[in-house]
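A look at the structure
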Amino acid sequence: MDAFEAIKATFFQECDELLAELESKLMLLEQGQTDLETINAVFRAVHSVKGGAGAFGLEALVRFAHVFETLMDELRGGRKPCDAVTIKTLLRASDVLADHIQAAQGLAPPVDEERSAGLVQELELLTHGGEAPPAVEEEEEDDFGFTPMAFDAPLDDPALAVEATAADAAPAGQPGWRIVFKPHGRMYGSANEAGLLLREVGRLGPITVSVDEAALPTLDVLVAEDGYLTWTIDLVADVDEKAVREVFDFVEADCDLTITPLGGAPALVFEEEPPAVLPASDDLDIAALLAKAAAGAAPETPAAAPAPAPAPQSVAPQSVTPEPAAPAPVAAQVSAPEPAPAPAAAPIPPAQVATPVAPAPVTIRVDLDRVDRLINVVGELVIQQAMLSQRVLESGLARSSGIALGMEDLELLTREIQDSVMAIRAQPVKSVFQRMPRLVREVADMVSKQVRLVTSGEDTEVDKTVVERLAEPITHMLRNAIDHGLETPEERIAAGKPAEGTVRLAALHRSGRIVIEIADDGRGINRERVKKIAVDKGLIAADAALTDEQIDNLIFLPGFSTAAVVSDISGRGVGMDVVRRSIQALGGRISISSVPGKGSTFTLSLPLTLAVLDGMVVTAADQTLIAPLPAIVESLTPQESDLHYVGGLDPVIRFRDRFLPLIDVALTMGFRETPMVPSEGVAVVVETEGGQQAALLFDAIQGQRQVVIKSLETNYRQVEGVAAATILGDGRVALILDVDVLVTDMRRKSPRSDFKLAS
């Protein structure tokens, strides 16, 4: 890939981030948060897309973004209301903008011209107060082959009274500002236009404009993309400097800009944050710099002794005193020329002082394959470190020996490297959550329901691999919640509920895992209907005795659907079973909690990472197993006085004034055919994600260890009660237990004999 294509690829990556920001802010507008900050955020996102697209010659994208941006400019200026109709149009415009970006990237066919043009017309109608702008006639090229530039407002508008000179536009003391504006070539390359900026300044009050064309070269050396003109604008209006600066907010980095009061003291303007320490150089003439800032002059060659040119009003800097202790803007005393007496120095208004701000975090873009390779290597490092520790332990060296102490240091260092590398992979689920408001809005419109999406925990971090594979199951769950869970507005009102239904999407960390909850305040699961459909489809026997939990889980069976009509949303017998398989493929699980008439909550539980795990190494029969450390509450040695048997068969153990089921893991997993004597083993009290506790009985505990997760399903097959596998320090394979399955499911079943591992 050449340099140009690499930059273009980076632009499209930034577009993804800008689109996510755009959609999130538009959703805030839809929710009634129509403050200026939110509107400005939408404007900046569209403007940034337009600027980048202009640099790469993506004309269709630039044209659409320009119309979008113009309407946003009207909204942020308060000239147009940000009402419901406008917001709905903006939401549809963001969809078309995303389609234009996809088409420009080559990931989708060109956008339908009729659809795009129709939305452009709607945006222009909103921009121009209900009247479409006059059609632009076929323009004629001038003698040099250039087409005249068209503006939304003609340059001969009374607000843009362009004169031959602006030197004497305002008498001394007149309220207003003198703006000296020299665009750089890159400003035009990012699809900005000087004429539009002049028009925006004209909206603040009467202006007089002059242009300095002295820098224009002859045609044989002229570069069309460069900027040669300098504009001087006298704005005669009692407006704040902040309002003037906002006009040039997005082009300050691409131009030379000086703003000084008319007939008063100069406003010191820093295009960027002032340096913390003034550079020490013989060539630096601070007085000349201040004089240039006051007069808005073009840069001049530094001279040893600055001499201000005579003018009707001149500014003579008197002294410059940089603060020695902390960075501070340069201060100056200003006086009028002789023979008039010098006026007192005017203090710089706080708004004109450039206040240092905290630097933004520096980030780099790294190819994901490189990160994956790094993680794989670190995983192998963890395994090798475990093997070395095992060899040192088997050698019988004293714990105080130099080798043993060195191995402890190596273990700490390996852990730090592992944590640091995994932090690189960590990514907030916000990237997935931001896609959902658009989905909810579209599905709600299709089923004619009023839906409000509430999200929380968007900054919860999880491994990037998990994040990328969360989008599909969450999409299915939200569609199901809106289509099946929520009632129609009429049904909700009849049931004493608000017409608008609420769907909640939340993410949180719990017991070393990430939990995603999708909840609605709808009708809940109709268990009688679910069971009848399952019987009619032959999924269960008609006389099957099922608990509420088992009935709820019938919706995850392949081919099960409660939809009466096949539609684009549901009714084809796929969806919820796909969700369960997707979650299980990530080493997770899904559960349901439903109250008829109140709503349902679907809980997805997933590992934080698919790479490493902190676990307790235990022994069951002749097998070495790993119990996930976050699920362990306590370990203890069973005493005969604490053991009891339910029905003479199922053992329970007293634990802090409660009785917990005691599960013989070796017997349950089929490693042993006869139960062990509990008092001869070790009981490990564990807690499931649902808060259910039980005691797992093992032969012994070997110790705590960080292990590298290897998929058992990929390399062998899925085994109930086993989440994954790992490689021990001695090279053997150990199984990582799925505590939730052991506690909630397998203790209800007979011991297994279909799965045994060789010693």
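Residues numbered from 1 in each chain as written. Predicted model: local features only at pLDDT ≥ 70, side-chain atom pairs only at ≥ 80, totals over all residues. Heavy atoms only, no water.

To continue, consider the overall build of the protein chain. Scanning the protein chain from terminus to terminus reveals 22 helices and 25 strands. Counting all 759 residues of the protein chain, 41% fall into the buried class. Counting only contacts in the protein chain whose residues sit at least 6 apart along the sequence, the fraction spanning at least 24 positions is 67%. Taken as a whole, the protein chain presents about 40,600 Å² of accessible surface, with 54% of it coming from carbon and sulfur. (Helix = DSSP H or I, 4+ residues; strand = E, 2+ residues; numbered from the N terminus. Buried < 20%, exposed > 50% of the residue type's maximum accessible area, 1.4 Å probe, protein only. Contact = heavy atoms within 4.5 Å. Areas by Shrake-Rupley, 256 points an atom, 1.4 Å probe, with all protein chains shown as cover.)

Here we come to the environment of Thr-488. Within the fold, Thr-488 resides in the loop between helix H15 (471-485) and helix H16 (489-494). Assessed through its relative accessible area of 24%, Thr-488 is described here as partly exposed.

Here the focus is the nonpolar core. With 46 residues, the main nonpolar core has Ile-474, Leu-478 and Ile-516 as its most contacted residues. In contact with Leu-478, other than residues within four places in its own chain, are Met-436, Leu-439, Val-440, Leu-453, Val-503 and Ile-518. Core analysis: the second largest hydrophobic core is formed by 38 residues, Ala-45, Val-67, Phe-68 and Val-96 among them. (Core = buried A, V, L, I, M, F, W, Y, C linked by side-chain atoms within 4.5 Å.)

Residue position: Glu-30 is located in helix H1 (residues 3-30). Residue Glu-30 is classed as partly exposed on the basis of its relative accessible area, which comes to 42%. Once you skip the residues sitting within four places of it in the chain, Glu-30 turns out to touch Ile-87, Leu-91 and Arg-441.

With that settled, the discussion passes to the sheet that holds strand S25 (residues 733-737). Taking strand neighbours across the sheet as the criterion, the 5 strands line up as S23-S15-S16-S25-S24 in an open arrangement whose pairing is mixed. Two strands bound the open sheet, and with one partner strand each, they are strand S23 (700-708) and strand S24 (722-727). Going from strand to strand, the sheet's axes swing by 35° on average, the running direction of each strand aside. Direction of pairing for strand S15 (residues 612-620) relative to strand S16 (residues 623-628): antiparallel, over a ladder of 6 bridges. (Pairing = 2+ DSSP bridges. Axes fitted to C-alpha atoms, helices over the stretch in contact; angles between N-to-C directions.)

A full pass over the atoms with the stated rule returns 29 salt bridges. Put simply, Arg-92 and Glu-122 hold a salt bridge, and the shortest N to O gap is 2.5 Å. Here Arg-92 is found in helix H4 (residues 84-105), whereas its partner Glu-122 is found in helix H5 (residues 113-127), with 30 residues between them in sequence. In this structure Arg-92 comes out as partly exposed when scored by relative accessible area, which is 35%. Its salt-bridge partner being Arg-452, residue Glu-500 comes within 3.6 Å of it at the nearest N-O pair. Taken together, the positions of Glu-500 in the loop between H16 and strand S11 (501-510) and Arg-452 in strand S9 (residues 451-456) put the pair 48 residues apart, joining distant regions of the chain. Among the residues examined, Glu-500 registers a relative accessible area of 35% and is labelled partly exposed. Note on Arg-452: relative accessible area 38%, which makes it partly exposed. (Salt bridge = Lys/Arg side-chain N within 4 Å of Asp/Glu carboxyl O.)

So, about the environment of Arg-76. Inspection of the secondary structure assignment puts Arg-76 in helix H3 (residues 59-76). It is 9.0 Å that separates the C-alpha atoms of Arg-76 and Asp-35, two residues lying 41 residues apart in sequence. The residues touching Arg-76, leaving out its near neighbours within four places in the chain, are Leu-36, Ile-39, Asn-40, Phe-43, Glu-246 and Phe-250.

Let us now look at unusual backbone geometry. Glycine aside, a negative phi is what most residues show, and trans is what most peptide bonds show. Notably, Ser-448 is not glycine yet its phi reads approximately 55°, a positive angle. Located in the positive-phi region is Arg-656, a residue other than glycine, with phi close to 55°.

This part takes up the packing of H15 against helix H19 (residues 576-585). Between H15 and H19, the least distance of the axes is 9 Å, while the angle of their chain directions is 150°. Judged by the angle between their axes, H15 and H19 are roughly antiparallel. Seen from above, H15 lies across H19 with left-handed handedness. Touching Glu-472, Pro-473, His-476, Met-477 and Asn-480 of H15 are Met-576, Val-578, Val-579, Ser-582 and Ile-583, all from H19. (Parallel < 35°, antiparallel > 145°, perpendicular 65-115°, else oblique. Left-handed = near helix turned anticlockwise from the far one by under 90°.)

On to the pairing of S11, then. Relative to S11, S9 runs parallel, the two sharing 6 bridges. By the bridge assignment, Leu-453 is partnered in S11 with Val-503. Alignment of S11 against strand S12 (residues 513-520), held across 8 bridges, turns out to be antiparallel. Bridge pairing links Ala-506 to Glu-517 in S12.

With that settled, consider the packing of aromatic side chains. Inspection of the entire model under this criterion finds 3 aromatic pairs. Between the aromatic rings of Phe-11 and Phe-56, the centroid separation amounts to 5.4 Å while the plane-to-plane angle is 35°, which identifies the pairing as tilted. Within this pair, whereas Phe-11 is found in helix H1, its partner Phe-56 is found in the loop between helix H2 (36-55) and H3, the two being separated by 45 residues in sequence. You'll find Phe-11 and Phe-56 in the same group, each marked buried. With a centroid separation of 5.1 Å and 55° between ring planes, the pair formed by Phe-181 and Phe-248 is classed as tilted. Of the two residues, Phe-181 sits in strand S2 (residues 177-183) while Phe-248 sits in the loop between helix H8 (241-247) and strand S5 (255-261), which places them 67 residues apart along the sequence. No difference in accessibility class separates Phe-181 from Phe-248, as the two residues are buried. Among the aromatic side chains, those forming a connected cluster through ring pairs are Phe-11, Phe-12 and Phe-56. Taking NZ or CZ as reference, Arg-76 lies 3.9 Å from the ring centre of Phe-43, over its face. (Phe/Tyr/Trp six-rings, centres within 6.5 Å; stacked < 30°, edge-to-face > 60°. Lys NZ or Arg CZ within 6 Å of the ring centre and 35° of its normal.)

The next point concerns the sheet that holds strand S18 (residues 643-646). Read across the open sheet, the 6 strands follow the order S17-S21-S22-S20-S19-S18; overall the sheet is mixed. Strand pairing shows two members of the sheet lacking a second neighbour, strand S17 (632-636) and S18, which therefore form its edges. When the angles between neighbouring strand axes are averaged without regard to direction, this sheet yields 35°. Both strand S21 (residues 682-687) and strand S22 (residues 693-698) contribute to a ladder of 6 bridges, which runs antiparallel. Across the sheet, residue Val-686 finds its bridge partner in S22, namely Ala-694.

The next point concerns the confidence of the model for the protein chain. Here the protein chain averages 75 in pLDDT, while 76% of its residues score no lower than 70. Scored below 50 in pLDDT, residues 131-170 makes 51 contacts in the model with residues more than four places away or belonging to other chains. Low confidence marks residues 750-759, where pLDDT is under 50. Its contacts with residues over four positions away, or in another chain, come to 24 contacts. (pLDDT = per-residue confidence, 0-100.)

Before going further, it helps to spend a moment on H15. Helix length check: H15 (15 residues) gives 20 Å between terminal C-alpha atoms against 21 Å at 1.5 Å per residue, within 8%. For H15, every residue scored as buried is listed here: Ala-471, Pro-473, Ile-474, Met-477, Leu-478, Asn-480, Ala-481, Ile-482, Asp-483 and Gly-485. (Expected span 1.5 Å × (residues − 1).)

So, about the side chain of Arg-441. Among the structural elements, Arg-441 can be located in helix H13 (residues 436-446). Aside from chain neighbours lying at most four places away, what touches Arg-441 is Glu-23, Met-27, Glu-30, Leu-91 and Asp-95.

Together, Leu-216, Leu-219 and Leu-222 make up an exposed nonpolar region whose accessible area comes to about 270 Å². The topology assignment puts Leu-222 in the loop between strand S3 (207-212) and strand S4 (230-235). (Patch = residues over 30% accessible without salt bridge, like charges linked within 9 Å, V, L, I, M, F, W, Y side chains within 5 Å.)

Turning to the pairing of S12, a few remarks are in order. Burial analysis of S12 places 8 of its 8 residues in the buried class, the great majority of the element. Judged by which residues are buried, S12 turns out to be covered on both faces: Arg-513, Val-515, Glu-517 and Ala-519 on one side and Ile-514, Ile-516, Ile-518 and Asp-520 on the other are all buried. Pairing of S12 with strand S14 (residues 599-607) involves 8 bridges; the strand directions are antiparallel. Considered in S14, the bridge of Glu-517 is made with Thr-603.

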